[in-house]
Amino acid sequence: MNKSKKNIFLVFSVLILTVMISIALWLLFFKKEITNINVKTLPENCKNYTIINTDKINTQLSSYFFKNPSLVLQLFENTASIQKEFDDVNFILNEPISIFWDEKKQITGAYFSVNQPNNIDVSNYDINEITVDNNLMYINNKKNTIYYRDNYNNQIRMFLSDDKINPKEIFENYISTSSFQDTSSYNKSALKHFNESDNSIIFNIKNDISSKMGTFNNYGTIDFNSKEITIVIDGIYNDQFIFNNKDSLITINNTWGNFSGNLNEDIVTSLNKEKAAILENWDGRLSIGLNSINNIADLMNISKIADLMNHFDLCVFIGNKNDTILENINTDYGLFVPYKNKESGYGLGLKQTNIFKKEKPANFIGNIDFEKLFDLDINGLSWTSIKTILKRFNLKNIEMNCNSSQENQYKLNININSLDSTKHILLSPFIY
């Protein structure tokens, strides 16, 4: 190795070592005491919130960079544009970030901590100053968003709404009613959940949307590991719960995506108001398989979720609750043909390569196999571009299952697994 190369190697080694030592010192000696101010100042009775344990996530990622120090520079290079936007924002990394939704007022809020928020140069952002009761706030009219800087607590509060946002209502409902010293205004329930949890993210859901689905008191957690992301939701359900687990599920194999569920009979009945022939004897069992993708060039231009289904080559199985089975049934979705073996029902778009498999009774199970998706024989530059983007996320598959008990409790598990376990699944889109 010549002298020039030795010098380059030495400089690079010193740089990496400096970064590693800086992170270690910060973690061991310079971390400020955690106040949990962003959790405490959530609206007192708010039941819809997400709390991100930035301290745990930061510690885990720091450990990963210790094992893979060369990736630090790649992360900085690939996120340069994001960093530039927040150049003068000095985030406090060990304070949790909290996000809430006020269902009644239709307001979403996000609280995060920064060092000396009053030093942020607001002229760098598309916001205007407004004053409410002698308190300075900032508004972005284009994004319908309001910002408030709490200099005493080193906190920034952000509020947004789909409706016209009212600065005075924001101040009265979410700012003047809470303070660090006033412990009576704390969201004690959220603080208790956070203090008792060791998860990367926790969240709570209790609103009209969840009630209409027959669930309430939904409490969830998300954990990030280098090889997988795990999501767990526990909750209580009532008679309106859209699923049950009385029957064995039928899955369709040899597809890259599959969803199988047992729908509540009351839900099935409500769907059959027009007495559609295909629903007459439906027992609630439903299985959907994804064989391929169509019209790739138009896929990126869809504006409605419903239009997304037009781009998938689907196969469907609908269970039949008695031995009476009709001939072919023509529907708006296509021709359903009778399917008879140990499990009677109707099939749509089934191919010879599709195989039924009987699973254990459950509310529903689902799987997206990205390896099979990437192996699809699809020509065109559009698919090549989409596949390249998807591969950057380092996804192998997504598995989900939901089960319920006689105590009216349910548990939903979702596992997102990495394709290459040597690459951190959370960092993959930003580094690799």
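On a predicted model such as this, the values are computed, not experimentally measured, just so you know.

1. Topic: the environment of Asn 245
Now for step 1: Residue placement: Asn 245 occurs in the loop between β10 (228-237) and β11 (248-252).
Now for step 2: For the pair Asn 245 and Asn 403, spaced 158 residues apart in sequence, the C-alpha to C-alpha distance is 7.0 Å.
Now for step 3: In contact with Asn 245, other than residues within four places in its own chain, are Asn 262, Pro 361, Ala 362, Asn 363 and Ser 404.
Now for step 4: At a separation of 3.1 Å, a polar atom in the side chain of Asn 245 contacts the main-chain carbonyl oxygen of Ser 404.

2. Describing the nonpolar core
Now for step 1: Within the largest apolar cluster, 51 residues are counted, with the highest numbers of intra-cluster contacts made by Ile 293 and Phe 336.
Now for step 2: Apart from residues no more than four positions distant in its own chain, Phe 336 is found in contact with Ile 278, Val 316, Ile 318, Asn 328, Ile 329, Thr 331, Tyr 346, Gly 347 and Leu 348.
Now for step 3: Ranked by size, the runner-up nonpolar core spans 23 residues in total, among them Leu 42, Val 132, Ile 139 and Ala 190.

3. Thoughts on unusual backbone geometry
Now for step 1: Unusually for a residue other than glycine, Asp 133 sits at a positive phi of about 50 degrees.
Now for step 2: Following the sequence through the fold, Asp 133 ends up in the loop between β4 (128-132) and β5 (135-140).
Now for step 3: Not every positive phi belongs to a glycine, and Asn 154 is a case in point at roughly 55 degrees.
Now for step 4: Relative to the elements of secondary structure, Asn 154 occurs in the loop between β6 (145-150) and β7 (155-160).
Now for step 5: Owing to a relative accessible area of 21%, Asn 154 belongs among the partly exposed residues under this scheme.

4. Points about the packing of aromatic side chains
Now for step 1: Evaluated as defined, the whole model comprises 13 aromatic pairs.
Now for step 2: Judged by centre distance (5.5 Å) and plane angle (45 degrees), the ring pair of Phe 100 and Tyr 174 falls under tilted. Here Phe 100 is found in strand β2 (residues 97-102), whereas its partner Tyr 174 is found in helix α6 (residues 167-175), with 74 residues between them in sequence. Residues Phe 100 and Tyr 174 agree in their burial class; the two are buried.
Now for step 3: Note on Phe 159 and Tyr 174: the rings are 5.4 Å apart at their centroids and 25 degrees apart in plane angle, and the pair reads as stacked. Here Tyr 174 lies in helix α6 and Phe 159 lies in strand β7, a separation of 15 residues in the sequence. Grouping residues by exposure puts Phe 159 and Tyr 174 together as buried.
Now for step 4: Note that Arg 157 overlies the ring of Tyr 111, its terminal NZ or CZ placed 5.1 Å from the centroid.
Now for step 5: Note that Lys 391 overlies the ring of Phe 374, its terminal NZ or CZ placed 5.5 Å from the centroid.

5. Describing the side chain of Glu 95
Now for step 1: Tracing the chain through its elements places Glu 95 in the loop between α5 (80-85) and β2.
Now for step 2: This buried residue, Glu 95, is left without a salt bridge; Lys 40 holds the nearest opposite charge, at 8.1 Å.
Now for step 3: Looking at Glu 95, its side chain comes within polar contact range of the main-chain nitrogen of Asn 36, at 3.0 Å.
Now for step 4: Setting aside anything within four residues of it in sequence, one finds Glu 95 in contact with Glu 33, Ile 34, Thr 35, Asn 36, Ile 37, Asn 38, Thr 54 and Ser 113.

6. Here's the deal with the pattern of salt bridges
Now for step 1: Tallied over the entire structure, the rule returns nine salt bridges.
Now for step 2: Of the charged contacts, one joins Asp 150 and Arg 157 as a salt bridge, the two residues approaching to 3.8 Å between their closest N and O atoms. Each member of the pair Asp 150 and Arg 157 is classed as buried.
Now for step 3: One salt bridge in this structure joins Arg 285 and Asp 283, with 2.8 Å as the shortest N-O distance.
Now for step 4: You can call Arg 285 buried: its relative accessible area is 6%.
Now for step 5: The class for Asp 283 is buried, based on a relative accessible area of 9%.
Now for step 6: Each member of the salt-bridge network shares a partner with another, and the members are Asp 133, Lys 168 and Glu 172.

What counts, and where the lines are drawn
- Residues numbered from 1 in each chain as written.
- Predicted model: local features only at pLDDT ≥ 70, side-chain atom pairs only at ≥ 80, totals over all residues.
- Heavy atoms only, no water.
- Helix = DSSP H or I, 4+ residues; strand = E, 2+ residues; numbered from the N terminus.
- Contact = heavy atoms within 4.5 Å.
- Polar contact = N/O pair within 3.5 Å; in protein donor to acceptor, adjacent residues only side chain to side chain.
- Core = buried A, V, L, I, M, F, W, Y, C linked by side-chain atoms within 4.5 Å.
- Buried < 20%, exposed > 50% of the residue type's maximum accessible area, 1.4 Å probe, protein only.
- Phe/Tyr/Trp six-rings, centres within 6.5 Å; stacked < 30°, edge-to-face > 60°.
- Lys NZ or Arg CZ within 6 Å of the ring centre and 35° of its normal.
- Lys, Arg positive; Asp, Glu negative; His and termini not counted.
- Salt bridge = Lys/Arg side-chain N within 4 Å of Asp/Glu carboxyl O.

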